[in-house]
Amino acid sequence: MNPVEVSTNEADPFDIRDKTVVVTGGSRGIGYMIASGLVDAGARVLISSRKAEAVAAASAELARRGNCQGVAADIATSAGRESLADAVHQHWNGRLHVLVNNAGATWGAPVDDFPEHGWDKVLDTNVKGVFQLTTEMLPALRSTASSVDPARVINIGSTAGLNVPALENYSYSASKAAVHMLTRHLAKRLAAESITVNAIAPGWFETSMSRHLLDDAEQRAQLLEDVPLRRVGGPSDIAGAIRFLASRSGSYLTGTVLPLDGGVSGCS
């Protein structure tokens, strides 16, 4: 079998074995949870991260369990996006089934002191980087797309882009709202080419971005008071949602923003 052909298992609508998947920001946090779940499901995964040591360590760990490579790339820069596209050509002859735009940046500061570079850094990564990387990968996605099994773009948004957060992270929440609209916009444009574009909007997950809040028992309890399911999200929650969107089960879904937040968005 060609190394980038997809094996089809009609008995399992969630089968993603042998699909080629890029996960940006895959060396830690939600990105690592996503990459881990995909590797365990038999996908061929390429993770990226700005930090070479981090991506090397994460990809080596995942490679012990399945098919995973890593590349150091900053998607906020044209050089980083080009190096990631080059890696897809090197590893999979320029054929890509799934692009997971997960890499992101955040910034918090009081409204009167919020710096201009707190906007530049966040928007360059979270919005411009997502759009530019997606367009960079379009030839690779088009090469695998079919009406039966579309190519997939899955953007990681946030419930901070759906509901006004308590934290003063103005550029982050605005950027994630922009990611949700960009998802719909690209979905409409690319549907005719058999490329679906969806987003997942996670709520509270234990990551480096949220650890300073969740590690404080009192603050954690206060945050979970607003979560109907009374818990934070775990690796299987995000990995399962990604697997659904990447598999045959998710092939008739596009332009959707899926809140993954324990009921915060749906029950408020």
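None of the values given here were measured: they were computed from a predicted structure.

### Thoughts on the UniProt feature "domain: Ketoreductase" (unreviewed entry) in the protein
And step 1. The sites that carry the UniProt feature "domain: Ketoreductase" (unreviewed entry) are, in the present numbering, residues 19-207.
And step 2. Annotation note: span residues 19-207, helix share 46%, strand share 18%, distance between end C-alpha atoms 27 Å.

### Focus: the sheet that holds strand 2 (residues 44-49)
And step 1. Across the sheet, which stays open at both edges, the seven strands sit in the order 3-2-1-4-5-6-7 with parallel pairing between neighbours. Of all the strands in the sheet, just strand 3 (67-72) and strand 7 (257-260) have a single pairing partner and so form its edges. The mean angle between the axes of side-by-side strands here comes to 20°, regardless of whether they run parallel or antiparallel.
And step 2. Pairing between strand 2 and strand 3: six bridges, direction parallel.

### Observations regarding the packing of aromatic side chains
And step 1. Enumeration according to the criterion identifies two aromatic pairs in this entry.
And step 2. Between Phe-114 and Tyr-170, the ring centres sit 5.7 Å apart and the planes meet at 80°, which makes this aromatic pair edge-to-face. Of the two residues, Phe-114 sits in the loop between strand 4 (98-101) and helix 4 (116-142) while Tyr-170 sits in helix 5 (residues 170-190), which places them 56 residues apart along the sequence.
And step 3. Each member of the aromatic cluster is reached from another via a ring pair, and the members are Phe-114, Trp-119 and Tyr-170.

### Here's the deal with the nonpolar core
And step 1. Core analysis: the biggest nonpolar cluster contains 29 residues, and Ile-34, Leu-38, Val-100, Ile-200, Ile-238 and Ile-242 have the highest contact counts within it.
And step 2. Secondary-structure elements contributing two or more residues to this core are strand 1 (20-23), helix 1 (29-40), strand 2, helix 2 (52-63), strand 4, strand 5 (151-156) and helix 8 (235-246).
And step 3. The contacts of Ile-242, once residues within four sequence positions are left out, are Ile-34, Leu-38, Val-100, Ile-154, Ile-156 and Ile-200.
And step 4. Among the nonpolar cores identified, the runner-up in size contains 27 residues, and Val-22, Ile-75, Ala-87 and Ala-151 belong to it.

### A word on the pairing of strand 1
And step 1. Burial along strand 1 is two-sided: Thr-20 and Val-22 facing one way and Val-21 and Val-23 facing the other are all buried.
And step 2. Pairing geometry for strand 1 and strand 2, over four bridges, is parallel. Bridged to Val-21 within strand 2 is Val-45.
And step 3. Where the polypeptide runs from strand 1 across helix 1 and back to strand 2, its parallel neighbour, the crossover connection is right-handed.

### Quick look at the packing of helix 3 (residues 78-92) against helix 4
Any two packed helices are characterised by the angle at which their axes cross and by the distance between the axes.
And step 1. One can describe the packing of helix 3 onto helix 4 by two numbers: an axis separation of 10 Å at closest approach and a directional angle of 25°. In terms of orientation, helix 3 and helix 4 fall into the roughly parallel class. Crossing handedness for the pair helix 3 and helix 4: right-handed. Each of Arg-81, Glu-82, Leu-84, Ala-85 and Val-88 in helix 3 lies in contact with helix 4, whose residues at this interface are Gly-129, Gln-132, Leu-133, Glu-136, Met-137 and Ala-140.
And step 2. Broken down by class, the residue content of the contact of helix 3 with helix 4 amounts to six nonpolar, two polar and three charged.

### Remarks on a nonpolar patch on the surface
And step 1. Nonpolar side chains collect at one region of the surface, where Val-111, Trp-119, Leu-123 and Tyr-170 lie side by side and expose about 330 Å² of accessible area between them.
And step 2. Here Val-111 lies in the loop between strand 4 and helix 4.

### Remarks on the pattern of salt bridges
And step 1. All told, the structure shown has twelve salt bridges when counted by the stated rule.
And step 2. The residue Lys-19 makes a salt bridge to Asp-149 at a minimum N-O spacing of 3.0 Å. Here the residue Lys-19 occupies a position in the segment before strand 1, and Asp-149 occupies one in the loop between helix 4 and strand 5, the gap between them amounting to 130 residues.
And step 3. A residue is classified by how much of its surface remains accessible, and Lys-19, at 3% relative accessible area, is buried.
And step 4. We classify Asp-149 as partly exposed; its relative accessible area is 21%.
And step 5. Arg-65 is paired through a salt bridge with Asp-40; the nearest N and O atoms lie 2.8 Å apart. Taken together, the residues span a long stretch of sequence, with Arg-65 in the loop between helix 2 and strand 3 and Asp-40 in helix 1 at a distance of 25 residues.
And step 6. Relative accessible area serves as the criterion here: at 36%, Arg-65 is assigned to the partly exposed category.
And step 7. If you follow the salt bridges from partner to partner, you end up with Lys-19, Asp-149 and Arg-152 in one network.

### Some thoughts on helix 3
And step 1. Its 15 residues give helix 3 an end-to-end C-alpha distance of 21 Å, which sits within 8% of 21 Å, the value for a rise of 1.5 Å per residue.
And step 2. On its buried face, helix 3 sits against strand 1, strand 2, strand 3 and helix 4.
And step 3. In the segment just after helix 3, Asn-93 is the residue with positive phi, at about 55°.

The rules behind each value
Residues numbered from 1 in each chain as written. Predicted model: local features only at pLDDT ≥ 70, side-chain atom pairs only at ≥ 80, totals over all residues. Heavy atoms only, no water. UniProt positions renumbered as here; feature names shortened; annotations may be inferred. Helix = DSSP H or I, 4+ residues; strand = E, 2+ residues; numbered from the N terminus. Pairing = 2+ DSSP bridges. Axes fitted to C-alpha atoms, helices over the stretch in contact; angles between N-to-C directions. Phe/Tyr/Trp six-rings, centres within 6.5 Å; stacked < 30°, edge-to-face > 60°. Core = buried A, V, L, I, M, F, W, Y, C linked by side-chain atoms within 4.5 Å. Buried < 20%, exposed > 50% of the residue type's maximum accessible area, 1.4 Å probe, protein only. Contact = heavy atoms within 4.5 Å. Right-handed = clockwise from strand over helix to strand, strands pointing away. Parallel < 35°, antiparallel > 145°, perpendicular 65-115°, else oblique. Left-handed = near helix turned anticlockwise from the far one by under 90°. Nonpolar A, V, L, I, M, F, W, Y, C, P; charged D, E, K, R; others polar. Patch = residues over 30% accessible without salt bridge, like charges linked within 9 Å, V, L, I, M, F, W, Y side chains within 5 Å. Areas by Shrake-Rupley, 256 points an atom, 1.4 Å probe, with all protein chains shown as cover. Salt bridge = Lys/Arg side-chain N within 4 Å of Asp/Glu carboxyl O. Expected span 1.5 Å × (residues − 1).

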